[in-house]
Amino acid sequence: MSSILGILGCLSTIITKENNVRLYLISETQLKGPTEFLDFFVSNNITKTALNADLTKLFNYAKTSIKSIYVGGGICRSCYLNDIEIFNGFGTSELGGACTTFTVDKPYPNTPIGKCFPRFNMYILDENNNLTDEGELCFSGPLALGYLNNNDETEKSFIDNPFKSKDGHNRMFKTGDIAKRDKDGNIYIVGRKDFMVNINGNRVELEEIEYQIDQIPGILKSAVQYINKGTQNFLVAYVESKETIEDKLLQQQLAKNLPSYMIPKL
């Protein structure tokens, strides 16, 4: 068996009880090119992987050895393959990674995130921390201690658990994701409470990008917008400057402080 995964995958190859497990890491070039992407899976005989949901559609165009895919990092739409088992889940760094999973049994316009792993409890709360069918997704369980050197964010996101007498956990984490429970009890992610967006599985705060742009000499003000067109999503920045500044120069300046997925088109 072979596998291509993130941190969770790296650990799973160590602790799995299966024999002859091998981990493969894909390059950024292979990840961005559909042909190179599929060639990577075929040539390495990959059987399990974890991917952004949109990338699963590429497996419709080539026969590979993939048997199962774990998707997450965003809303999973019409994510279903006849011959490949797909698991949709939810998790954040504050929760230690994935903490829910749902076996995708058919194409969904918005795939449910499933049920909690053991030791976690999942709630949908309104602004007054009351249970509701549509509101902020929250979790109690083995949480992170908070954000380093950021007490304000810690106090806002990690709160006293209003259900601690029921589930036994003193603290609750408010994810900032808006979730909805349907009549069958399935839970879906429907949006964000703040200005955070998801770019190919990476959570991005638009205000942080605007702040970095505004630090560049000559920039008067900026605005960053998230664009979603089908399976493509990207960032676009609009800037006002004292004089003409080449787009390439601005992107080079941003690359000093931001990862590549946070650098917008200008």
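Residues numbered from 1 in each chain as written. Predicted model: local features only at pLDDT ≥ 70, side-chain atom pairs only at ≥ 80, totals over all residues. Heavy atoms only, no water.

A. View of the pattern of salt bridges. Counted by the stated rule, this structure contains six salt bridges. With a shortest N-O distance of 3.5 Å, Asp-133 and Arg-181 are connected by a salt bridge. Of the two residues, Asp-133 sits in the loop between β8 (121-125) and β9 (134-140) while Arg-181 sits in strand β11 (residues 171-181), which places them 48 residues apart along the sequence. The shortest N-O distance in the salt bridge between Glu-136 and Lys-193 comes to 3.0 Å. You can see Glu-136 sitting in strand β9 and its partner Lys-193 sitting in the loop between β12 (187-192) and β13 (196-199), a full 57 residues away along the chain. A residue is classified by how much of its surface remains accessible, and Lys-193, at 54% relative accessible area, is exposed. (Salt bridge = Lys/Arg side-chain N within 4 Å of Asp/Glu carboxyl O. Helix = DSSP H or I, 4+ residues; strand = E, 2+ residues; numbered from the N terminus. Buried < 20%, exposed > 50% of the residue type's maximum accessible area, 1.4 Å probe, protein only.)

B. Looking closely at the side chain of Ser-157. Within the element layout of this structure, Ser-157 appears in helix α4 (residues 151-157). On the basis of relative accessible area, Ser-157 is assigned to the buried category, the value being 8%.

C. Structural detail: the pairing of β11. Within β11, eight of the 11 residues are buried, which leaves it mostly tucked inside the rest of the structure. Looking at chain direction, β9 and β11 are connected through six bridges and run antiparallel. Across the sheet, residue Gly-135 finds its bridge partner in β11, namely Ala-179. Sheet analysis places strand β10 (residues 158-160) next to β11, joined by three bridges and oriented antiparallel. Looking across to β11, one finds that Asp-160 is bridged to Arg-171. Here β11 runs beside β12; their pairing, made up of five bridges, is antiparallel. If you follow Ala-179 over to β12, its bridge partner there is Ile-189. Linkage of β11 to β12, two consecutive antiparallel strands, is achieved through a turn of five residues, within which Gly-185 is found at a positive phi near 90°. (Pairing = 2+ DSSP bridges.)

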